[in-house]
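For reference, the chains in residue letters:
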Amino acid sequence: MYNAKAYAAASEKSPLASTTIARRDPTPNDVQIEILFCGICHSDLHQVRNEWSGVMPTVYPCVPGHEIVGRVTKIGTGVTKFKVGDIGAVGCMVDSDGTCANCAEGEEQFCPNFILTYNFPDKHTGGVTYGGYSDSIVVDQRFVLKVPGNLDLAGAAPLLCAGITTYSPLHHWGVGEGKKVGIVGLGGLGHMGVKFAHALGAHVVLFTTSPNKKDDALRLGADEVVISKDANEMAKHAGSFHFILDAVSADHDINAFLNLLRRDGNMTLVGAPEKPMAVSSFNLLMGRRSLSGSIIGGTVETQEMLDFCGEHNITSDVEVIPIQKVNEAYERLLKSDVKYRFVIDMASLKKEA
Ligand SMILES: [Zn+2]
Ligand SMILES: [Zn+2]
């Protein structure tokens with residue numbers, strides 16, 4: 001074991017603060033990474049404040065962060081995928097059983113025994129896993145991805161959660177040329193959805209409640225912007241969409257969007273509003289429409305997404321901050337005051353004692 005610098009919350013009421021945590025020394029299949037950048041995901045805030053106590057109670061100290069990009073500093077004797085000096089990336093998972101049907105197909109996000117990057121039992125240390133708000137991390141090579149050399153590393157970090165969360169359903173539901181695709185909400189997830197759907201060749205319509213987001217949406221790749229509160233504007237698109245990606249986490253009426261799907265169209269949810277949603281059956285019966293969910297992606301698809309980003313030069317629009325501003329960033333995140341993702345420059349952690 002060795003000591004790593006990190007930012008952790010000591011309790012659900014505590015701000016994140018500088019501390020030291022124990023990490024394992026690399027075992028034969030492990031890659032040790034010096035973390036250069038780590039994105040801030042809304043999940044980090046939920047976990048730090050124990051807002052998911054019903055499903056995933058937080059164990060303190062909690063070190064969040066699952067949008068990790070860094071440089072390989074050490075490898076185990078069995079590592080073939082990376083050499084020292086390479087750039088590696090880690091997303092929401094760091095382990096899985098490797099034996100179930102989901103793992104066999106590279107869909108580890110559905111493995112009943114997956115291990116998330118933070119706040120999950122760590123079989124090596126006996127405690128819980130610690131995430132990317134740290135100067136280093138040690139991860140099995142199976143869960144370390146390669147980042148194309150042309151991508152800006154700060155902008156690439158959010159691809160590991162916000163990126164794969166939106167890419168996976170677009171890919172699964174066959175979004176491409178000749179398809180009319182809607183993206184609901186222009187935040188951390190939605191702005192990636194717009195970029196991907198555009199790069200895949202679809203006709204992209206961004207739905208937002210804020211008229212002031214129109215210019216940005218067009219710049220990011222939307223062909224049209226529809227103000228979803230405007231019933232007349234919505235009605236013009238009735239029955240026309242092949243696919244709609246709903247990236248909104250706040251409570252909202254999904255029936256207004258289901259009604260815009262054409263025959264056999266699908267709407268997939270990637271946000272998780274707190275309250276159960278009402279669905280009018282008729283909106284599904286008429287036109288044999290379907291409603292689905294999706295969560296991150298497996299290692300195979302995550303690598304495919306990163307390679308796609310390399311080919312199309314896609315990264316997230318980010319605001320880079322030093323780690324000393326992380327608590328302030330959380331407050332701004334709650335007000336959606338970021339375009340469109342905060343990323344921590346981990347060099348700033350070196351200043352801490
Ligand atoms: Zn996330
Ligand atoms: Zn499995």
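Here, the structure is the one placed above.
All values reported here derive from a predicted model rather than from experimental measurement.

Asks: What is the right way to look at the overall build of the chain in this model?
Replies: Scanning the chain from N- to C-terminus turns up eleven helices and 17 strands. Compactness check: the chain gives a C-alpha radius of gyration of 20 Å against a globular reference of 20 Å for 353 residues, within 12% of the reference. Counting only C-alpha atoms, the chain reaches 60 × 40 × 40 Å along its principal axes. A fraction of 66% describes how many contacts in the chain between residues 6 or more apart in sequence connect residues 24 or more apart. Of the accessible surface of the chain, which amounts to about 15,200 Å², a share of 53% is contributed by carbon and sulfur atoms. Charged side chains in the chain number 32 positive and 40 negative. The centres of these two groups are separated by 2 Å.

Asks: When you look at the packing of aromatic side chains in this model, what are you seeing that I'm missing?
Replies: Note on aromatic pairs: each is described by the distance of the centres and the angle between the planes. Tallying each qualifying case throughout the model produces six aromatic pairs. Centre to centre, the rings of Tyr167 and Phe308 are 5.6 Å apart; their planes meet at 50°, and the pair counts as tilted. Residue Tyr167 is found in helix α4 (residues 162-172), and its partner Phe308 is found in helix α10 (residues 299-312); the two are separated by 141 residues along the sequence. Of the two residues, Tyr167 and Phe308, both sit in the buried class. A ring pair is formed by Phe196 and Phe308, whose centres lie 6.2 Å apart and whose planes are at 50°; its orientation type is tilted.

Asks: Just checking my understanding: could you explain helix α5 (residues 188-199) for this structure?
Replies: What sets the pattern is the α-helix's 3.6 residues per turn: residues three or four places apart point alike. Between the first and last C-alpha of α5 there are 17 Å, a value that for twelve residues agrees with the 16 Å anticipated at 1.5 Å per step. Across the twelve residues of α5, ten count as buried, placing the element largely inside the fold. Turning to α5, its buried residues number three or more, namely Gly188, Leu189, Gly190, His191, Met192, Gly193, Val194, Lys195, Phe196 and Ala197. One or two positions beyond α5, positive phi appears at Gly201, with a value near 95°.

Asks: Just to check I follow, could you spell out the coordination of the zinc ion (ligand 1) for this structure?
Replies: Ideal geometry at a metal gives 109.5 degrees between four tetrahedral donors and either 90 or 180 degrees between six octahedral ones. Here the zinc ion (ligand 1) is held by the protein donor atoms Cys41 (SG), His66 (NE2) and Cys161 (SG), which lie 2.0 to 2.2 Å from it. Of note, the donors binding the zinc ion (ligand 1) are all from one chain and are spaced C-x24-H-x94-C. Taken as a pair, Cys41 in the loop between β3 (30-39) and α1 (42-48) and Cys161 in the loop between α3 (153-156) and α4 lie far apart in primary sequence, 120 residues in all. Since its relative accessible area comes to 6%, Cys41 is described here as buried. By relative accessible area, Cys161 is classed as buried at 7%.

Asks: Is there a simple way to think about the pairing of strand β8 (residues 136-140) in this case?
Replies: A regular strand places its side chains so that they alternate between the two faces of the sheet. Taking burial as the measure, the five residues of β8 include five buried ones, the bulk of the element. The alternating pattern of β8 places Ser136, Val138 and Asp140 and Ile137 and Val139 on opposite faces, both of which are buried. Relative to β8, β3 runs antiparallel, the two sharing five bridges. Paired with Asp30 across the strands is Asp140, a residue of β8.

Asks: Would you mind going over a nonpolar patch on the surface with me for this structure?
Replies: Together, Phe282, Leu285 and Met286 line one region of the surface with nonpolar side chains, adding up to about 380 Å² of accessible area. Residue position: Leu285 is located in helix α9 (residues 281-285). Classification of Leu285 as exposed rests on a relative accessible area of 60%.

Asks: How should I be thinking about the nonpolar core in this particular structure?
Replies: Of all hydrophobic cores here, the largest spans 92 residues; its most connected members are Ile40, Tyr133, Leu159 and Phe196. If we ignore the near neighbours within four places in the chain, the residues touching Ile40 are Glu67, Tyr133, Ile321, Val326, Ala329, Tyr330, Leu333, Arg341, Phe342 and Ile344.

Asks: Is there a simple way to think about the pattern of salt bridges in this case?
Replies: Two side chains carrying opposite charge are able to pair once their charged atoms lie near each other. According to the stated counting rule, one finds 17 salt bridges in the structure shown. For the salt bridge of Asp95 with Lys123, the shortest nitrogen-to-oxygen distance reads 3.0 Å. With Asp95 in strand β6 (residues 93-95) and Lys123 in the loop between β7 (115-116) and β8, this residue pair connects regions lying 28 residues apart in the sequence. In this structure, Asp264 and Arg288 form a salt bridge, with 2.6 Å as the shortest nitrogen-oxygen distance. Placement of the pair is Asp264 in strand β14 (residues 261-269) and Arg288 in the loop between α9 and β15 (290-293), with a sequence separation of 24 residues. Since its relative accessible area comes to 38%, Asp264 is described here as partly exposed. Exposure remark for Arg288: the relative accessible area of 57% places this residue in the exposed category. A single network of salt bridges, built from pairs that share partners, joins Lys195, Asp216, Arg219, Asp317 and Lys339.

Calculation notes
- Within every chain, residues take consecutive numbers counted from 1 along the sequence as written.
- Lettering for chains starts from A, numbering for ligands starts from 1, and both go in the order in which the items are written.
- Given that the model is predicted, a residue must reach a pLDDT of at least 70 before its local features are reported, and side-chain atom pairs must reach 80 or more before they are shown or counted; all residues, however, enter totals for whole chains, interfaces and linings.
- The side-chain numbers reported here are obtained from all heavy atoms of the structure, hydrogens and water having been left aside.
- Comment: elements are numbered from the N terminus, with helices defined as DSSP H or I runs of at least four residues and strands as E runs of at least two.
- Values of the radius of gyration come from C-alpha atoms, whereas the globule rule sets the reference at 2.2 Å times the count of residues to the power 0.38.
- Contact between two residues is taken to exist if any of their heavy atoms lie within 4.5 Å; hydrogens are not considered.
- In this description, accessible areas are obtained by the Shrake-Rupley approach with a 1.4 Å probe, and a residue is regarded as covered only by the protein chains that are shown.
- A positive count includes Lys and Arg, and a negative count includes Asp and Glu. His and the chain ends are not counted in either.
- To locate a charge, take atom NZ for lysine, CZ for arginine, CG for aspartate or CD for glutamate.
- For Phe, Tyr and Trp, where Trp contributes only its six-membered ring, two rings pair if their centres lie within 6.5 Å, and the inter-plane angle classes them as stacked under 30 degrees, edge-to-face over 60, or tilted in between.
- For every residue, the accessible area obtained with a 1.4 Å probe (protein chains only) is divided by the maximum for its type, and the residue is called buried under 20%, exposed over 50%, and partly exposed between those limits.
- One less than the number of residues in a helix, times 1.5 Å, gives the span that helix is expected to have.
- Coordination here is defined by N, O and S atoms within 2.8 Å of the metal (3.2 Å for Na, K and Ca), and since water is not considered, a site can look incomplete.
- One requirement defines pairing of two strands: DSSP has to find at least two bridges between them.
- Every patch collects residues that have over 30% relative accessible area and no salt bridge, joining them within 9 Å if they carry like charges and within 5 Å if they are nonpolar side chains (Val, Leu, Ile, Met, Phe, Trp, Tyr).
- For salt bridges, the criterion is a side-chain nitrogen of Lys or Arg within 4 Å of an Asp or Glu carboxyl oxygen.
- As used in this record, nonpolar core signifies buried Ala, Val, Leu, Ile, Met, Phe, Trp, Tyr and Cys residues forming a set joined through side-chain atoms within 4.5 Å.

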